[in-house]
Amino acid sequence: MPDRSVPVRLSLGSEPPTQATAVIADWTVLERLRRAAIGLALCWSLAGVSLIIPGLHFVLPPLLLLAGPAVFVWRFVTRASFKEVKGVCPRCKVERTLGMSGKETDETNVFCDGCGNQLTLRVLAVK
Ligand SMILES: [Zn+2]
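The rules we used
Residues numbered from 1 in each chain as written. Predicted model: local features only at pLDDT ≥ 70, side-chain atom pairs only at ≥ 80, totals over all residues. Heavy atoms only, no water. Helix = DSSP H or I, 4+ residues; strand = E, 2+ residues; numbered from the N terminus. Contact = heavy atoms within 4.5 Å. Donors = N, O, S within 2.8 Å, 3.2 Å for Na, K, Ca; no water. Tetrahedral: all angles 85-135°; square planar, octahedral: opposite > 155°, others 65-115°. Domains from an automatic or database assignment. Salt bridge = Lys/Arg side-chain N within 4 Å of Asp/Glu carboxyl O. Polar contact = N/O pair within 3.5 Å; in protein donor to acceptor, adjacent residues only side chain to side chain. Nonpolar A, V, L, I, M, F, W, Y, C, P; charged D, E, K, R; others polar. Pairing = 2+ DSSP bridges. Axes fitted to C-alpha atoms, helices over the stretch in contact; angles between N-to-C directions. Core = buried A, V, L, I, M, F, W, Y, C linked by side-chain atoms within 4.5 Å. Buried < 20%, exposed > 50% of the residue type's maximum accessible area, 1.4 Å probe, protein only.

Turning our eyes to something else, we now look at the environment of Leu10. Take Leu10: it is sitting in strand β1 (residues 4–12). Along the chain, Leu10 and Phe58 lie 48 residues apart, while their C-alpha atoms are 44 Å from each other. Residues contacting Leu10, with those up to four places away along its chain left out, are Pro17, Thr18, Ala20, Val85, Val88, Pro90, Val110, Leu119, Thr120 and Leu121.

Every protein donor of the zinc ion is listed here as Cys89 (SG), Cys92 (SG), Cys112 (SG) and Cys115 (SG), and their distances to the metal cover 2.2 to 2.3 Å. Note that the zinc ion binds four donor atoms; their angles at the metal cover 100 to 122°, and the shape is tetrahedral. Going along the chain, you hit the donors of the zinc ion in the pattern C-x2-C-x19-C-x2-C. One end of the pair, Cys92, is in the loop between β3 (80–88) and β4 (95–99); the other, Cys112, is in the loop between β5 (107–111) and β6 (118–123), and 20 residues separate them in sequence.

Here Asp26 lies in strand β2 (residues 15–26). In this view, Asp26 contacts Met1, Arg4, Glu31, Arg79 and Ala80; residues no more than four positions away in its chain are not counted.

Accessible area lost upon the coming together of the parts is a frequently used measure of interface size. Domain parsing of the protein yields domain 1 (4–27 + 80–123) and domain 2 (29–77). A C-alpha centroid distance of 29 Å is found between domain 1 and domain 2. Across the contact, four residues belong to domain 1 and five residues belong to domain 2. Inspection of the region where domain 1 meets domain 2 yields zero salt bridges. Taken together, domain 1 and domain 2 are joined by zero residue pairs in polar contact (both at pLDDT 80 or more). Looking at the side of domain 1 that touches domain 2 residue by residue, the class counts come to one nonpolar, one polar and two charged.

Glancing now at the sheet that holds β5. Strand order in this open sheet of six strands is β4-β3-β2-β1-β6-β5, and the pairing throughout is antiparallel. This sheet does not close on itself; its edge strands, each paired only once, are β4 and β5. Between one strand and the next, the sheet's axes are offset by a mean angle of 35°, whatever the strand orientation. Pairing analysis gives four bridges linking β1 to β6, with the strands arranged antiparallel. If you follow Leu10 over to β6, its bridge partner there is Leu121.

Our next topic: the nonpolar core. With 18 residues, the main nonpolar core has Val8, Leu10, Phe82, Val85, Val110, Leu119 and Leu121 as its most contacted residues. Counting residues per element, the ones that place at least two in this core are β1, β2, β3 and β6. For this core, the element with the highest residue contribution is β1, accounting for four residues. Dropping the residues within four chain positions of it, Val8 is found in contact with Thr18, Gln19, Ala20, Thr21, Ala22, Val85, Leu121, Arg122, Val123 and Leu124.

Our next topic: the pairing of β1. Inspection of the sheet shows β1 paired to β2 by eight bridges, in the antiparallel sense. Bridged to Leu10 within β2 is Thr18. Where β1 hands over to β2, the hairpin turn is made up of two residues, of which Gly13 adopts a positive phi near 50°.

Here's what the structure looks like:
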């Protein structure tokens, strides 16, 4: 499914907010299933690998085995997620493309690669 762009506002403290464009990936059922299966496989693989770590082999494998299905469900129900945001950072005033991830929400945070500040991203348009 093609990505879509939505207008967003980037803000940081007392700096004047700037307009930007966020790219959002809408996942199809097959893509969501693939992403969920990869997350599950990763958790269970790490559980297997952590068996050889002395001390932690009592804690990590059970936690990762339990986390696997939770990750599967979480990634499967995520219908859309942020990919990147293009715009001017309110602090460094430079046009940047900031990589990001996470479930699509009306408000989230993104880190500027230049100044390292955590910017507040607010979606302006309704889906
Ligand atoms: Zn910045």
